Each structure stands twice: as C-alpha cells, then as structure tokens.
Amino acid sequence: MDIIVCIKRIPDTAAKVEIDAGGLEIKKDVPWVMNPYDEFAVEEALRIKEKFGGKVTLLHAGAEGGEEVLKKGLAMGADEAVYIKDRSLAALDSMAFAKVLSAVIKTKPFDVILCGRMGMDTASGLLGGALAALLKIPCVPAIKKLTIFPQKTALAAREIEGGMETVQCPLPALFTAHKGLNEPRYPSLSGIMRSKKQEIKYITPASLGIMPDVADLKRTALSYPTSSRKSAILKGDASAQAKEAIKFLRDEVKII
Amino acid sequence: MIWVLGELRGSSIAPSTFEALYAGRILSKGLKTGLNLVFVGHDIKIQPEAILKKADKIYLLEHELLNVYTSSACGAAVERFLADKDAAAIITPASLFGRDAAPALAVPLDMACIANVSSLDARDGIILVKRPLYGGKIIETLSLKGRAVISVMPRAFKAAEDMDYDGEIISVDASLGETDCPVSVKETVKEGGARDITEADILVSGGRGMENAENFSLLKELADALGGQVAASRAAVDAGWAPPSIQVGQTGRTVAPKLYVACAISGAPQHLAGIRGAKYVIAINKDPDAPICKEADLCMTGNVFEIIPALIKEIKAAALR
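Everything in this summary refers to the structure shown in the same document.

To continue, consider the interface of chain B and chain A. A common way to report how large an interface is uses the accessible area buried once the components associate. On the chain A side, the residues contacting the 79 residues of chain B number 79 residues. Roughly 6,800 Å² of surface becomes buried between chain B and chain A when both sides are summed, with 57% attributable to carbon and sulfur atoms. When the area that chain B buries against chain A is broken down by residue, the three leading residues are L96(B), Y134(B) and D297(B), summing to 10%. K243(A) is the partner of E314(B) in a salt bridge, and the nearest nitrogen-oxygen pair spans 3.3 Å. Ranked by the residues each element gives to the side of chain B that touches chain A, the list is headed by strand β10 (residues 138-145) of chain B, at eight residues. Residues belonging to the side of chain B that touches chain A are distributed by class as follows: 40 nonpolar, 14 polar and 25 charged. Bridge count for strand β9 (residues 163-170) of chain A against strand β13 (residues 184-190) of chain B is six bridges, and the pairing is antiparallel. Across the sheet, the residue bridging to E165(A) is T188(B), located in β13(B).

Tracing the backbone through its elements, the reader meets V107(B) in the loop between α3 (96-106) and β7 (112-117). You can call V107(B) buried: its relative accessible area is 17%. For the pair V107(B) and G75(B), spaced 32 residues apart in sequence, the C-alpha to C-alpha distance is 9.5 Å. Not counting the four nearest positions on each side in its chain, V107(B) is found in contact with M95(A), A130(A), A133(A) and L134(A).

About the criteria used
- Residues numbered from 1 in each chain as written.
- Chains lettered and ligands numbered in written order.
- Predicted model: local features only at pLDDT ≥ 70, side-chain atom pairs only at ≥ 80, totals over all residues.
- Heavy atoms only, no water.
- Contact = heavy atoms within 4.5 Å.
- Buried area = accessible area lost by both parts, 1.4 Å probe.
- Salt bridge = Lys/Arg side-chain N within 4 Å of Asp/Glu carboxyl O.
- Helix = DSSP H or I, 4+ residues; strand = E, 2+ residues; numbered from the N terminus.
- Nonpolar A, V, L, I, M, F, W, Y, C, P; charged D, E, K, R; others polar.
- Pairing = 2+ DSSP bridges.
- Buried < 20%, exposed > 50% of the residue type's maximum accessible area, 1.4 Å probe, protein only.

This is the structure we're talking about:
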C-alpha cells in the first residue's frame, strides 16, 4: 500500500498565542508541534504499512519551520518526507493548501491518504474534504476505526451527529483521523537516529506549475476576544451562596 | 443569489438551519440579492409553515441515493443543481454535516471556502467574516472578494424569524448515479440520544475537581434542574469520567450557550477559549483565584460537593414558586 499523510504545524495548544506588532500575524516564538489529529493519521499510516507493506510518505506545506514536524513523522517510522515550502503558504486558507498538496499527490502513486480531521489552529476541517474533491476520490471524515482489505476496499467507523456509523468504500480513498483512532507511538531512539539521516525533499509550488491563489481571501485584522464578565465572587455558607445564585439566574440570565 | 444549504434531522429541520438562514439574510441584504434555501435528501417531509416566510424559494433536492447522507453524493447533487444558477455565496451550518459538505461543494463550483464563521457582514460586493483561531484565543477578520461557501458556527447567529418572504417550495429530482456514491453506509449506531453540546442552551460542565465518574451524576442532576446538558473539561475526559463527544475547549468543542456552569474546572487557557461565546458563566470552584473565576460572571467558592446540592435545592424551590 502506498500511503500519503498530510501533516500540519501548529502552536502547542497549551501555548499563549499573541498578536505581533504588525497586527496581522501571531508572534512566532511559541512552541510549535505537529497538529495532534495528524499524529493519529501518521500512526494509522504506519499500522497499515506494518500490515501490508508499502511506503508512508509525509507531505507538509508551509512557509517555514516544517522540518521539525516532518522529522518527527520520520522518527515515528515514515519512509519519505516532502516539504512544499513557499512564503505564499503562510496564510491559513485550507483551500489554497489543498490545491498545492493535491498537485504533489497527483505526481505520486497512492492507495490511502490520511490527514487529521482538523487543524487545531483554524478548526476548519476543510483540508481532507477539499483534497478528496480535487483528487476525485472518496472521503471519509472523522474516523475512529479503519480496516483496510487487501482487495483494496476499506471499512471505517466515523463520528456522526449523536452517534457512529460504519461505512465502506473502495481505495484509493481519503480518511481524516479523529481522536480515538489509535494511540500514536513515541519515536524510538533508533527511529530518531534514522530520521537524522533521512533527507527532506523540498518542492516549490512554482516547480509544480501552480501559483497559490489567495488574492480573493485576505486577512484584514487579528484581535483578542473581549471579555465583559463581572467576576463577582461569592464566599461562605453554601445555601446562602445558592440563594445569591438564584437571584442571578432570575434577574440576569432570566431562566428561572 | 445567496443559497443556504439546510440540515435535516429525520423529518424535522435542524435548528442550525435557521441560524444559517439568519446569516444568509445578512449577506442577501448586504449584497442586495435574494435568499434561497435548499435541502438534500429522499422523500423529504418538512412542515411548510416552519420555513415559508424565511426564504424566497425552498428547493427539496431529492434522490433515493440521498436517503443516507454522504458528502460525496450530497456534494455532487448540489453542485449539479447550482452549476447553471447564480450563487454569490452558499451558507451552511458548521455542524458535522455542513463541514463535510462545504469543501465537496466549493471545489467543483470553484468557490472559496471558509469554515466556522462567527460573524458576517457584506458591503460593496465584499464579504467580511470573523472566525476564531487557536481555539478562540484570537479572532481573525477576513475580507473576501468573490464567491464562497461559508459554514457558520453553531449559536453564533440568531435563529431567523419569519419575515415578509413569500416562500415557495419546489421539489427537484437530483441528478445522481451510483458512481457519485462511492461511500456506502453499512451501519448506524445512535449514542444515548444526547444532543450535540454545541446546540445546548444551558451547559453544566465538570472538571478534574469532580474527583470521579460517579460524581458526574451530580452534574446531571444540576443540568436536569436547569433544563440543560452535561459537558466536561479535557481533564475529566482524559480521566475517563466523560465521553470525548462532550469535551469543551480547544481540543474539544467550542460552545456558546446562554449559560455555562463550570464546576470544579480551574480554567486552562484552552478551556476558557472554548467558552468565550457563552452569554453567562457561573463558576463553582474551591479557589477564588482560579482563572475560571475571572472568566465568570459569578463565582461560587467553596466545596463543590456542598454548593452543587444547595444550588439544586434552591433551583427546584424557585421553579416551584
């Protein structure tokens, strides 16, 4: 099986994210990590390879700093890492990323494409669906279980509104990984040593003959959410506090 | 023309559809164009009075292959239906349904696509949207020149009320074949019937300080007294006290209920980011200096296992009065 995994780099979700002096970018000096949902995708790809043989290729598109997440994926056990690097890929428009990534994928053999169900930076969850539409292959989003059959079909369990469903589709297909799909492995020491020798392949969008087009969609501002909470603190006897809370529920929230 | 792709739950219209209609109306006024609604399914039975005064035309795009929703079939049906029609924007709820359908439409119709939008405006042919980034720690404003599929965040927009639309319901046979449905649904399992927490009016949420899974029944009791649903922090979900589907925060769901009651949740930045949209927040915590108290309108401090039962008692007494 040829498996392609698209990975993204995001600020650690525990990090404090701040707007830089220009007002249109965040400060870059935060800890950056592989998008947690993408870790499930990498792990699942490795498991498929361990079962059927084949090759796991990591793809990352971005403006800077992608080497770290690609090296992590290689250390986990991936065979190849491709970095589509260009300054134009600094914006967070998933559709532009999908166009660039699909152009690279079209140059490669693939049976399974995996990506995270969403990037925890934008929480858009568009990439998988857009990639599948561009490649004209089936898309199964938010999977929690995946079984691949040698005759190139797949059975996947996925989250739906208020429950789960099991779907079947032919390969090649794209799946987006949800929490619960697996427990991603930590890179082993030998994996880390091997990954140091593995080279990252760099590609520019221009070499693919594409120009990422983001002219229609432009970021005009970043701001902090405003909070106008009153932060009234109640102390002392529980039942006296409860009576105060009732007043609040009746007079302000108006639900009693 | 602005199009709203509506969501169905069986034979009823999902509440998120009315919020998408409200968002659609903002664009239709701003861009001085009409507002149409389209539903996708098979043998759709909706109450006309729920919808007739909310849009110009309501299309029911039907095919037996649309009996069970898949993004590929829904995308193909809507894309073919809209291919020869004017569409400045397509609005859909940012539910699991809308989030899947949006890119499946945007790619073949060659439109931009923006997900999980919390505010919308349009003037001089430009669409302005805001969306939360980094779990709500930052708000991004984007300007869009051109056509787009936009999914709107649950509860960020009001539900559209009846207006002076003279709606007309039109059934259309969708053009679909077996090749449009490579994904087939083999089995569906419903879980407990709890509604999606992003749609709840009132949420009672528990964190690490709830100590164990059994104590979550206390939260259920408070939620029932208030007519709400139970949610949980990441710590409580990681401890196995609550399912991931009800996790609030950057790694779970971003919620915007009318009332959010945070019980024994200290308030990590990722959690606070996920509740910024709540209209009112009550915190119940042993520590008055916990970060959650600064993000709450009212902070009850002390032993949560004494405060929650006292609160339940007072709510029941107040409700009886």
